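The primary structure of each chain is shown beneath.
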Amino acid sequence: MLRLRRSELCGTDASAEAAHPWAPVSTRGLPSAPAAVPPLEPATHAARPKPPRGGAVRGGVGGGAVRRGLGRGPCTAGAGPWRGGARASGARRAAGPDAGGSVRGGCCARYLGRCLRRRRSALRLPGASARCGLVMETQPRPFQLVVLGASGFTGQFVTEEVAREQVSPGRSSRLPWAVAGRCREKLQRVLERAALRLGRPTLPSEVGTIICDITNPASLDEMAKQAAVVLNCVGPYRFYGEPVVKACIENGTSCIDICGEPQFLELMYWKYHEKAAEKGVYIVGSSGFDSIPADLGVIYTRNKMNGTLTAVESFLTVHSGPEGMCIHDGTWKSAIYGFGDQSNLKKLRNESNLKPVPIVGPKLKRRWPISYCRELNSYSIPFMGADVSVVRRTQRYLHENLEESPVQYAAYVTVGGITSVIKLMFAGLFFLFFVKFGIGRQLLIKFPWLFSFGYFSKQGPTQKQIDASSFTMTFFGQGYSQGFGPDKNKPNIRICTQVKGPEAGYVATPIAMVQAALTLLSDASDLPKASARKHLQSL
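Note on numbering: residues in each chain are counted from 1, in written sequence order. Whole-chain, interface and lining totals are the exception, using all residues; otherwise, since this is a predicted model, local features are given only for residues with pLDDT of at least 70 and side-chain atom pairs are given and counted only at 80 or more. Only hydrogens and water are set aside; all other atoms, that is, all heavy atoms of the structure, feed into the side-chain values.

The protein chain appears in an unreviewed UniProt entry as Saccharopine dehydrogenase-like oxidoreductase from Equus caballus. UniProt positions are given in the numbering used here, feature names are shortened, and annotations may be inferred rather than shown by experiment. Regarding the protein chain, the UniProt comment filed under Sequence similarities (unreviewed entry) reads as follows: "Belongs to the saccharopine dehydrogenase family."

Given below as structure tokens:
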């Protein structure tokens, strides 16, 4: 079990414990062919200008990696037989068989760093869908990191996380960084909020401020010229992501986003990959809760299995406190536009003409829309995020470029008992009906709390709700032990692993995004360079 917890808002602890009997594998989704996909009408937003009508689309291809881990706290890892499991040292489990005993703050970092480098090659997508984000920079720039959209709901948490890393004990020098957005006053308030929460009254004077607007390409160019890596927090990405990708590539700047929209990311790959490769720029998508836990979880499971892993199912369980859970409606809007434009995503993928990845062992059967997981004693529904797309793409890369056995993958989210199932059925029916029509989408956007049965709101979660929330992602895998093959043999090994972390959207996501950026800055020598273009062309 890989436990990613946050004991302090900064720092990573690692230890290990073999828990259940499984072990999964993770990777990224597959890119698709370029196609001109007309965007749906954007949500009305009082403070934001009308989005450009053009090629921005929704998509969710995986991106970034985490150098120090999603959580801060003990990290337990292990896999055991079907029933029960042996305990093992965290450092040994996470860092490898030759690692020493339990290590505080080191083993998780090393393990995730290695996973990142492997995954990175798989996802190097140009334009918001590439999987690495380091800038091959010869001239020094004023800022190593720039948080674009820092005054947005998620952006304020990313800003706070960068501020923590700026004074991290392991850092030899201060990290020069800046916040960027349309309103200087709002950006200043975000910095003051972070200063208050972190007890650093001088923070606002230590951070640069850049004024730019998504609808003003010249201002985006000026912003990109000042940064080594841009952390793009402006969504929905189908409407606001492409201008940032374009500006970053043209100005030799890497870009990381937390997009869970496969259509956008895959379209950006086909439109901008060659340009990004020419510039030596990396664009990293899905570098938050979508889809780092799933991607690393699958890879981690494969590494823990003593044999060949052929298929994995993951089950996400979200834990909330007495005040329940809530998600900001920005995620809700992305889901609305994505479901309303599914036909274009299918068209995009059909035009890619990618050769199917071979299936090793029995084909993984899809569960019913509502199924019961006996191991977790809970009902589940398919997970509608970018995880499947991301993992599949990673598996394709690992198979075609590193000749590794591909792993089949399916993702689900647990919903509890029968009462929750009935509630979600009604919410799902309303959603799927209204999302088909323009006026229906506007109603869904205008009244998120009503149509989501309270799960989404324009205000987002309170700090108490965030502090009391966490997630567990359980991976159940199957495969063959050493010496056995898929020829006429049924899988003879099963394994279970878990990834645990703090609140997914506004704690784990900022940690993952910032660590991905720091990895790009510090591990430049490990990033794919000339060979990257060759392997991306094969995708």
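Additional details are given in the paragraphs that follow.
This part is about the overall build of the protein chain. Think of it this way: any DSSP run of H or I at least four residues long counts as a helix, any run of E at least two long counts as a strand, and we number them from the N terminus. Along its length, the protein chain carries 19 helices and 15 strands. Exposure is judged per residue with a 1.4 Å probe applied to protein chains only, and the accessible area is read against the type maximum: over 50% gives exposed, under 20% gives buried, and values in between give partly exposed. Counting every position in the protein chain, which comprises 539 residues, the buried fraction comes to 59%. The contact criterion used throughout is that any non-hydrogen atoms of two residues lie within 4.5 Å. Of the contacts made within the protein chain by residues no fewer than 6 positions apart, 85% connect residues no fewer than 24 positions apart. Only the protein chains shown count as covering a residue, and every accessible area follows the Shrake-Rupley method with a 1.4 Å probe. Total accessible area on the protein chain stands at roughly 21800 Å², and carbon and sulfur atoms take up 55% of it.

Once that is clear, we can look at unusual backbone geometry. The phi torsion of most residues other than glycine is negative, and most of the peptide bonds are trans. With an omega of 0 degrees, the peptide bond between G235 and P236 qualifies as cis. With respect to the element layout, P236 can be found in the loop between β5 (227-232) and α7 (237-240). D290 connects to S291 through a cis peptide bond whose omega is 5 degrees. Inspection of the secondary structure assignment puts S291 in the loop between β7 (283-284) and α10 (292-304). For S286, which is not a glycine, the phi torsion comes out positive at approximately 55 degrees. Looking at the element boundaries, S286 is found in the loop between β7 and α10. Overall, the relative accessible area of 0% leaves S286 in the buried class.

This part takes up the nonpolar core. Residue types Ala, Val, Leu, Ile, Met, Phe, Trp, Tyr and Cys, when buried and joined through side-chain atoms within 4.5 Å, form a set referred to as a nonpolar core. Judged by nonpolar contacts, the single largest core of 73 residues is most densely connected at L148, V162, W177, M223, L231 and I256. Just so you know, the domain bounds were taken from an automatic or database domain assignment. Formed jointly, this core draws a minimum of three residues from each of two domains, domain 1 (143-284) and domain 2 (292-503). Leave out the neighbours within four places in its chain, and V162 touches L145, V147, L175, W177, L231 and V514. With 21 residues, the next largest nonpolar core counts F289, L316, F383 and I495 among its residues.

Attention shifts here to the sheet that holds β5. The strand order β4-β3-β2-β5-β6-β7 describes an open sheet built from six strands, whose pairing is parallel. The sheet terminates laterally at β4 (208-211) and β7, the two strands that pair on one side only. Two strands pair under a simple rule: DSSP has to find at least two bridges between them. Where strand β2 (residues 143-148) and β5 come together, five bridges link them in parallel fashion. For V146, the partnering residue across the bridge sits in β5 and is V230. Most of the contacts of helix α4 (residues 184-198) go to β4, to which it runs at about 150 degrees, and overall it touches β3 (177-181) and β4. Axis angles are defined between N-to-C directions and span 0 to 180 degrees, where every axis is a line fitted to C-alpha atoms and, for a helix, only to the segment in contact.

Moving on: the confidence of the model for the protein chain. Note that predicted coordinates carrying low pLDDT should not be read in detail. Per-residue confidence for the protein chain gives a mean pLDDT of 75, with 72% of residues at or over 70. pLDDT runs from 0 to 100 and stands for how confident the predictor is about each residue. Counting interchain partners and residues more than four positions distant, the pLDDT-below-50 stretch residues 5-69 has 380 contacts. The low-confidence segment residues 71-138 (pLDDT under 50) makes 297 contacts with residues lying over four places distant or belonging to another chain.

Note on placement: A247 falls in helix α8 (residues 242-250). Of the residues examined, A247 reaches a relative accessible area of 4% and is grouped as buried. Considered as a pair, A247 and K225 are 22 residues apart in the sequence and their alpha carbons are 8.9 Å apart. Excluding residues that lie within four positions of it along the chain, A247 makes contacts with L220, D221 and A224.

Taken as a whole, helix α12 (residues 342-350) has its buried residues at N344, L345 and L348. All buried residues of α12 fall inside an arc of 105 degrees around its axis, so they share one side. Exposed and facing more than 90 degrees away from the buried side of α12 are S343, K346 and N350. The arc under discussion is defined with respect to the helix axis, by the directions toward the C-beta atoms.

So, on to the packing of aromatic side chains. Aromatic ring pairs are reported here in terms of the distance separating the ring centres and the angle at which the planes meet. Centres within 6.5 Å make a pair out of two Phe, Tyr or Trp rings, where for Trp the six-membered ring is used; the pair is then stacked when the planes are under 30 degrees apart, edge-to-face when over 60, and tilted otherwise. Scanning the model with the defined rule gives twelve aromatic pairs in all. Aromatic pair Y372 and Y379: ring centres 5.0 Å apart, planes at 70 degrees, arrangement edge-to-face. Each residue in the set F153, F157 and Y506 is aromatic and connected to the rest through ring pairs, giving one cluster. We call a charge positioned above a ring when the Lys NZ or Arg CZ atom is no farther than 6 Å from the ring centre and deviates by at most 35 degrees from the ring normal. Taking the ring centre of F157 as reference, the NZ or CZ of R193 above it sits at 5.2 Å. The ring of Y412 is capped by R367, whose NZ or CZ atom sits 5.7 Å from the centre of that ring.

In this section: helix α6 (residues 217-225). When we look at burial in α6, the residues that qualify are S219, L220, M223 and A224. Buried residues along α6 cover an arc of 135 degrees about the axis, so they all sit on one side. Buried-residue contacts for α6 involve β2, β3, β4, β5 and α8.

Okay, the pattern of salt bridges next. Any carboxyl oxygen of Asp or Glu that lies within 4 Å of a side-chain nitrogen of Lys or Arg is treated as forming a salt bridge with it. Enumeration over the complete set of coordinates arrives at eleven salt bridges. R200 is the salt-bridge partner of E206, the closest N and O atoms lying 2.9 Å from each other. Three or more residues joined by partner-sharing salt bridges are found here, namely E160, E161, R164, R193 and R197.

Moving on, we come to the environment of G483. Counting through the fold element by element, G483 comes out in the loop between β14 (470-481) and β15 (493-502). C-alpha separation for the pair G483 and T308, spaced 175 residues apart in sequence, amounts to 9.7 Å.

Looking at where E261 falls in the secondary structure, it is placed in the loop between β6 (254-257) and α9 (262-279). Under the convention used here, Asp and Glu are negative, Lys and Arg are positive, and both His and the chain ends fall outside the count. The buried charged residue E261 lacks any salt bridge, with R238 as its nearest oppositely charged partner at 4.6 Å. In the analysis that follows, any N or O atom pair within 3.5 Å is treated as a polar contact, provided that within protein one partner can donate a hydrogen and the other can accept it, and provided that, for residues neighboring in sequence, both atoms belong to side chains. There is a polar contact of 3.1 Å between the side chain of E261 and the backbone nitrogen of R238.

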